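Tertiary structure, described
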Amino acid sequence: MRYKLRLFIVILVAHALVAVFIWSWFINGDITEQPRVLAFAASNLRKFESDKSKDITFKEIPCNINGEYNISCRKESDEIYLPFTFIKKYFEVYGKLVEKDGSEIFNWSHSYANYYSVKRKYDPRGIFTHFQTYKVEERERVKCISASEGVPLSTQWDPKGYYYPTQIAQFGLSHYSKAILEPELVKRVLEDGEDNQANWIVSHVSSIKRDVDDDADSQVLCFDTAENKPIMLHINDTLPILSFDLKLNPKGSNEFVVEVKNIVEKLTYYLHYDCNGEHINVSGDDIYYGLICNGRENWYKLSRDIFIDVQKGVMLKTKTKPKFQRSSLKIFSIQLKGKGCVDNVTLASNNHMTQFYLTVNWLLKHQDETTGGWVNPVTRKMAGSLLLKPGWYSAMGQGHALSVLARAYYISDKNTKYLEAARKALGPFKVLSKNHGVLAMYMHELHWYEEYPTDPPTFVLNGFIYSLIGLYDFHTLATVDYSHEPYMLYVQGMTSLKKLLLAFDTGSGTTYDLRHMSLGIAPKLARWDYHATHINQLLLLSSIDKDPLFSNTAKRWIGYMSGKRASHN
């Protein structure tokens, strides 16, 4: 009661002062009193706020949680306050203190993920969904970018590293999308053996010569150095992409070395590219990327993101992701050691299309000629006791590959080798999971393409939709001779999706799959980033299929991300 009385008196005084000021201004036309009057009112309000804060008292009390355990809470009058650290963990919500306009505020969010609005109809010629935001190579579960293949090496289910077709295709689709959106490439040729010849520093016991190489079909620079007397080229440049063609004598210690300086932390790293065959190895400041030379002098085309190569080396050594930025690194020099040849040494601002084509080449090289699939060479533990043994195919990986190959066909001179590979890739879509395909049947009626083809099936949602997008990309960009079969598979899948989509809706989020229906076990709720992926996929599908099911469901699922829930009885 005393608190309310004081509040009433302060407000009354403030109103009276304002009334006096206005009356004085009208009678005398004198505005000089305004600052003094307002300052007096503000001073009293600040004093009241200060007094008010002194009256607030908190009492520490225990809060009993469901009769199971106690946590420390605070009581103020009739209000109870729980620590946010408990609320965050218990309800899986998120929040943090931030400073705004000189004051601290607490930002609360029900979800940590974001979704991307679709402003126009999805076009397979353009960016792939929202993959322009993906940084596949920076993921902690990517061990490195292979020197021999130029694509990511995954550690998701095997720390030794393996080629994961789904991730490799995502790598290519990400760089294709970035190539469309990012500024024009800045490129600087350092050495091509002909028009551009660099000023290499050569000791009297080492030698270089520029001559025509039959395999390269051009003039190249060949080197032969004495031990510990490398041939050197000073660069001192911040362009992050170093590309070069390299042929090494597979016998002895022969290598292409890049000296990289961290200009912020005053550290130096040495990137070695040689014939040791090991994907990545670290010794002190030396980071080794091995080419698989197989005892032969072969030409290799390398395009290396120096930041990623240093980052992965440091991660391998320290087991933590380094905090330095791209702008911290500068290529200081190139060193040629032993015996070999180089050509087309260039620096560039990005190499998105090169990385896209490295992905395309990997898919063409490693596709199974008989089945048309790309093998996953690791064991994958699934729901319950389900197990996928090495050699399984994934509908998501097959679908992503279709999206890559369709784009490769579109931007090439309509080279049908990409369509032929895509047509072969349809094979697993027509074979049941138990027979080494990716096809599952729901209730013996609805076709479902399995990301993880177990028996019984689990019906993963996001992987299935990605496979549909791949089928759509293929049938949209292909010629008539190739488009009918992917279209029929796409229609079958879309029919199933429309009938089963709402089975993934929990009323407050989504499930990752339908294991609770096919296996009779507890459901697996989708994390918020997967839930956001579901939304992004539905928004994309709503741009190419006008069935309101997709747009209405996406809208409801967006609401779940801000805490909205389905009504109850």
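Overview of the structure.

Rules behind the numbers
Residues numbered from 1 in each chain as written. Predicted model: local features only at pLDDT ≥ 70, side-chain atom pairs only at ≥ 80, totals over all residues. Heavy atoms only, no water. Pairing = 2+ DSSP bridges. Helix = DSSP H or I, 4+ residues; strand = E, 2+ residues; numbered from the N terminus. Axes fitted to C-alpha atoms, helices over the stretch in contact; angles between N-to-C directions. Contact = heavy atoms within 4.5 Å. Buried < 20%, exposed > 50% of the residue type's maximum accessible area, 1.4 Å probe, protein only. Phe/Tyr/Trp six-rings, centres within 6.5 Å; stacked < 30°, edge-to-face > 60°. Lys NZ or Arg CZ within 6 Å of the ring centre and 35° of its normal. Lys, Arg positive; Asp, Glu negative; His and termini not counted. Salt bridge = Lys/Arg side-chain N within 4 Å of Asp/Glu carboxyl O.

**Observations regarding the sheet that holds strand β13 (residues 255–262)**
One key point about sheets: their strands pair by backbone hydrogen bonds, in either a parallel or an antiparallel sense. In space, the six strands of this open sheet follow the order β11-β18-β13-β14-β16-β15, with mixed pairing throughout. Because the sheet does not close on itself, it has two edges, and the strands there are β11 (231–237) and β15 (281–283). For this sheet the average axis-to-axis angle between neighbouring strands, irrespective of direction, equals 20°. Note that β15 and strand β16 (residues 286–290) share three bridges and pair antiparallel. Bridged to V282 within β16 is I287. Along the sheet, helix α5 (residues 306–318) contacts β13, β14 (267–274), β15, β16 and β18 (329–337); its crossing angle with β16, the most-contacted strand, is approximately 110°.

**Here's the deal with unusual backbone geometry**
The omega angle of the peptide bond from D455 to P456 is 5°, so this bond is cis rather than trans. In this fold, P456 is placed in the loop between β23 (446–449) and α9 (461–477). Positive phi values are uncommon outside glycine, yet N66 reaches one of about 55°. Within the secondary structure, N66 is located in the loop between β1 (59–65) and β2 (69–76). Classification of N66 as exposed rests on a relative accessible area of 59%.

**Describing the packing of aromatic side chains**
Throughout the structure, instances matching the rule amount to 32 aromatic pairs. A ring pair is formed by W157 and Y452, whose centres lie 6.2 Å apart and whose planes are at 75°; its orientation type is edge-to-face. Of this pair, W157 sits in the loop between β7 (152–154) and α4 (165–181) while Y452 sits in the loop between β23 and α9, and the two are 295 residues apart along the sequence. The exposure class assigned to W157 is partly exposed, which follows from its relative accessible area of 23%. By relative accessible area, Y452 is classed as buried at 4%. When the centroid spacing of 6.2 Å and the interplanar angle of 50° are considered together, the rings of Y162 and Y164 count as tilted. A network of ring pairs unites the aromatic residues F429, Y442, W448, Y449, F459, F464 and F504 as a single cluster. Across the ring face of F332, the terminal group of K261 is positioned such that the distance to the ring centre comes to 4.8 Å.

**Quick word on the side chain of E451**
Tracing the chain through its elements places E451 in the loop between β23 and α9. Look at E451: it is buried, it has no salt bridge, and the nearest opposite charge is R380 at 6.6 Å. Among residues more than four places away in sequence, those in contact with E451 are W392, Y393, S394, A395, M396, V460, N462, G463 and Y512.

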